[in-house]
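Survey of secondary and tertiary structure
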Amino acid sequence: MRISVIGCGYLGAVHAASMAELGHDVIGVDVDPGKIDALQSGRPPFFEPDLERVLRAGLASGRLAFSTDIAAVEGAAVHFVAVGTPQGPTGAADLQYVDAAVQSLVPHLHDGALVVGKSTVPVGTAARLAPQIDERGATLAWNPEFLREGFAVQDTVAPDRLVYGVPHGPAGAAAADLLDAVYASALAAGTPRLIVDYATAELVKVSANAFLATKISFINAMAEIAEVTGADVTKLADAIGLDARIGRRFLNAGLGFGGGCLPKDIRAFQARATELGLEHTLDFLADVDAVNLRRRARVVDLATELLGGSVAGRRIAVLGLAFKPNSDDVRDSPALEIARRLADAGALVSAYDPEAVVTSRRLAPDLDYASSTVSAIDGAELLLVLTEWQEFRDLDPVAVGSAMAGRAVIDGRNCLDRAAWQDAGFDYRGMGR
Ligand code: UGA
């Protein structure tokens, strides 16, 4: 099938390459010439395992191409809209890129074409956009994306569910048939597919992210309780997680959530509820946000305490800057924010991340970056592990201790073997344990 993907950021670039991997003919379009040049020459503009492979395979097969010219989408049967919906100044989602993408696409739509929204949007957006698409004899569907950074290709090629938001009647049925053809291989593998209305599809996406954020903040609230009672939140999570109704996944206490999705999505959802006249319905999400942000302050306080009341002039090694491992994304990253706060308080921070130094440097040019774990920890009085990369989990505490000037570690992701670090003479501090 001939497919276009409008917007080649994280979501769009992965979607375009993955659709080519599934055998479709794909044209990816973006207004940013730098991004298009990189993609067209097989270089992903961000770190995502497996993306380079599918990108290069797609380009080599001749089934994948990129362009800055929106007219290149002409003739495609299905047009995916995958542009960003960043947080605006009020917390609400900024829809200017979605609106611009649809506006630029409309003149190129032929009768019977399908436009598929993948961007995360406030409920009501699809209904607002549909008339200009209907006028061209085309149809709009909303098909939210649930990919996780670090697993983005896998999540796109083999998702755990497919949700189609379509209009009622024959146009909606035809839209669902076209989407079934796009996702034929996932459907053949038994992937559950739900056909719903626009509003439900839009809400599935934001409510899933709100639920995940709530789960993380719930366990981080328990971590706060554990910190004053001497309980161990990791054991608590293991125990409650064995109840199948609760489940152990997404119950890791630590620095909390960051990234380009969960923080902005819970804020946009609250803003939308307020617009709908439901100003108290999602009040709990403000608490979810507050618990989450308190974890960052907690680490700064703990570092200050471990260094005897002030971090000024003290050498601190920070391992991990990305918002999670296997990613170079530092948008709203708890790790990068903590490193910056410590540096702002006068600490001599040496920060390292296997993939996220370049992206961190763009946001925090004044921070001191090390080129390896070894150089980051050299002579440090305190070590902070803030992103749970495998490389950091595997550190030998004895070797680390002999390279450092002090023996204190904050395990911001509860990812280290506490006993091994204590045996190596470290004052070990986890999160909620
Ligand atoms: C999230 C959702 O998980 C995806 O389903 C969704 O498609 C995506 O947002 C999106 O809206 O596009 P992602 O932002 O890639 O995916 O990252 P997550 O794996 O959800 O992690 C988010 C943050 O939560 C990270 O900072 C992570 O360290 C933190 N986290 C996660 C915890 O603190 N504890 C946990 O138990 C799990």
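Small disclaimer: the values here were computed from a predicted structure and weren't measured. Along each chain, residue indices are assigned from 1 in the same order as the chain's sequence is written. Per-residue local features are limited, in this predicted model, to residues with pLDDT of at least 70; the limit for side-chain atom pairs, both in listing and counting, is 80 or more; totals at the level of whole chains, interfaces and linings are taken over all residues. Side-chain measures were taken over the full set of non-hydrogen atoms in the model, leaving aside hydrogen atoms and water.

**With respect to the pairing of strand 9 (residues 315-319)**
- Summary of the burial criterion: residues with accessible area below 20% of their type's maximum are buried, those above 50% are exposed, and those between are partly exposed, where the area comes from a 1.4 Å probe applied to protein chains only. Only DSSP runs of H or I with at least four residues qualify as helices, and only runs of E with at least two residues qualify as strands; both kinds are numbered from the N terminus onward. With 4 of 5 residues buried, strand 9 is to be regarded as a mostly interior element.
- Here the term right-handed applies to a crossover when the path leading from its first strand over the helix to its second strand runs clockwise, the strands being oriented away from the viewer. With helix 13 (residues 334-344) bridging strand 9 and the parallel strand 10 (residues 348-352), this β-α-β connection has right-handed handedness.
- Strand direction decides the pairing type here: strand 9 and strand 11 (residues 382-385), joined by 4 bridges, are parallel. Residue I316 lies in a different strand from strand 11, and its bridge partner there is L382. Pairing between strands is defined by DSSP: at least two bridges between them are needed.

**Description of the environment of E21**
- Examined against the element boundaries, E21 turns out to sit in helix 1 (residues 10-21).
- Residues are treated as being in contact if the distance between any of their heavy atoms lies within 4.5 Å. Excluding its chain neighbours within four sequence positions, the residues that come into contact with E21 are R53, V54 and A57.

**Regarding the sheet that holds strand 9**
- One open sheet accounts for 5 strands, arranged 10-9-11-12-13; its pairing is parallel. Looking at strand neighbours, the two that pair on one side only are strand 10 and strand 13 (427-429), the edges of this open sheet. Taking the axes of each pair of neighbouring strands and ignoring which way they run, one obtains an average angle of 15° across the sheet.
- In terms of strand pairing, strand 11 meets strand 12 (residues 408-411) through 3 bridges, oriented parallel. Within strand 12, the residue paired with V385 across the bridge is D411.
- Axis definition: a line fit to C-alpha positions, over the contact stretch in the case of helices; interaxial angles, taken between N-to-C directions, run 0 to 180 degrees. Relative to strand 10, helix 13 is tilted by about 160°, and along the sheet it contacts strand 9, strand 10 and strand 11.

**Describing the nonpolar core**
- Put simply, a nonpolar core is a bunch of buried Ala, Val, Leu, Ile, Met, Phe, Trp, Tyr and Cys residues held in one set by side-chain atoms that sit within 4.5 Å of each other. One finds L342, L383 and L384 to be the most contacted residues of the largest nonpolar core, which totals 53 residues.
- Of all the secondary structure elements, the ones that give two or more residues to this core are helix 12 (283-306), strand 9, helix 13, strand 10, helix 15 (373-377), strand 11 and strand 12.
- Those residues within four positions of L342 in sequence are excluded, and the remaining contacts are V300, A303, V311, I316, A347, V349 and L384.

**Digging into the pattern of salt bridges**
- A side-chain nitrogen of Lys or Arg and a carboxyl oxygen of Asp or Glu constitute a salt bridge if their distance falls within 4 Å. By the definition in use, this model includes 28 salt bridges.
- Put simply, D155 and R148 hold a salt bridge, and the shortest N to O gap is 2.8 Å.
- Overall, D155 belongs to the buried group, its relative accessible area being 11%.
- R267 is paired through a salt bridge with D289; the nearest N and O atoms lie 2.8 Å apart. Separated by 22 residues along the polypeptide, R267 in helix 11 (residues 262-275) and D289 in helix 12 bring together distant segments of the chain.
- Looking at D289, the relative accessible area reads 11%, which means it is buried.

**Focus on the domain arrangement of the chain**
- Segmentation of the chain into domains, including their bounds, is taken from an automatic or database domain assignment. Assigned domains of the chain: these are domain 1 (2-196) and domain 2 (213-430).
- Every contact between the two is made by 17 residues of domain 1 and, on the other side, 17 residues of domain 2.
- For the domain 1 and domain 2 pair, buried surface summed over both sides reaches about 1,300 Å², with 52% attributable to carbon and sulfur atoms.
- Buried area adds together the accessible area that both of two parts lose upon being put together, with accessible area traced by a 1.4 Å probe. Taken as a group, F47, Q87 and E149 account for 44% of the area that domain 1 buries against domain 2, more than any other trio of residues on that side.
- Counting the contacts that link domain 1 with domain 2 gives 1 salt bridge.
- Residue E149 pairs with R331 through a salt bridge whose shortest N-O separation is 3.2 Å.
- Counting of polar contacts relies on pairs of N or O atoms within 3.5 Å, with two restrictions inside protein: one atom must be capable of donating a hydrogen and the other of accepting it, and residues adjacent in sequence are counted only when both atoms are side-chain atoms. If you look at where domain 1 meets domain 2, you find 8 residue pairs in polar contact (both at pLDDT 80 or more).
- Three residue categories are used. Nonpolar comprises Ala, Val, Leu, Ile, Met, Phe, Trp, Tyr, Cys and Pro, charged comprises Asp, Glu, Lys and Arg, and polar comprises the others, including Gly. Considering only residue class, the side of domain 1 that touches domain 2 consists of 9 nonpolar, 6 polar and 2 charged.

**Some thoughts on the side chain of T125**
- Checked against the element boundaries, T125 lands in helix 5 (residues 125-134).
- Setting aside chain neighbours within four positions, we find T125 in contact with L95 and E202.

**Some remarks on the site of the ligand**
- When at least one non-hydrogen atom of a residue lies within 4 Å of a molecule or strand, that residue is treated as near it. Around the ligand lies a shell of 21 residues, among which L147, E149, K205, N209 and F323 are the nearest.
- F323 has a polar backbone atom sitting 2.8 Å from an oxygen atom of the ligand.
- Burial of the ligand by the protein amounts to 91% of the accessible area it has alone, namely 710 Å².
- Put simply, the parts of the chain that give the shell around the ligand at least two residues each are helix 9 (198-229) and helix 11.
- Counting residues per element, the shell around the ligand draws most heavily on helix 9, which supplies 4 residues.
- The residue inventory of the shell around the ligand, partitioned by class, reads 10 nonpolar, 4 polar and 7 charged.
- Residues lining the shell around the ligand come from more than one domain, with at least three contributed by each of domain 1 (2-196) and domain 2 (213-430). Residue-level accessible areas treat just the shown protein chains as cover; the underlying method is Shrake-Rupley with a 1.4 Å probe.

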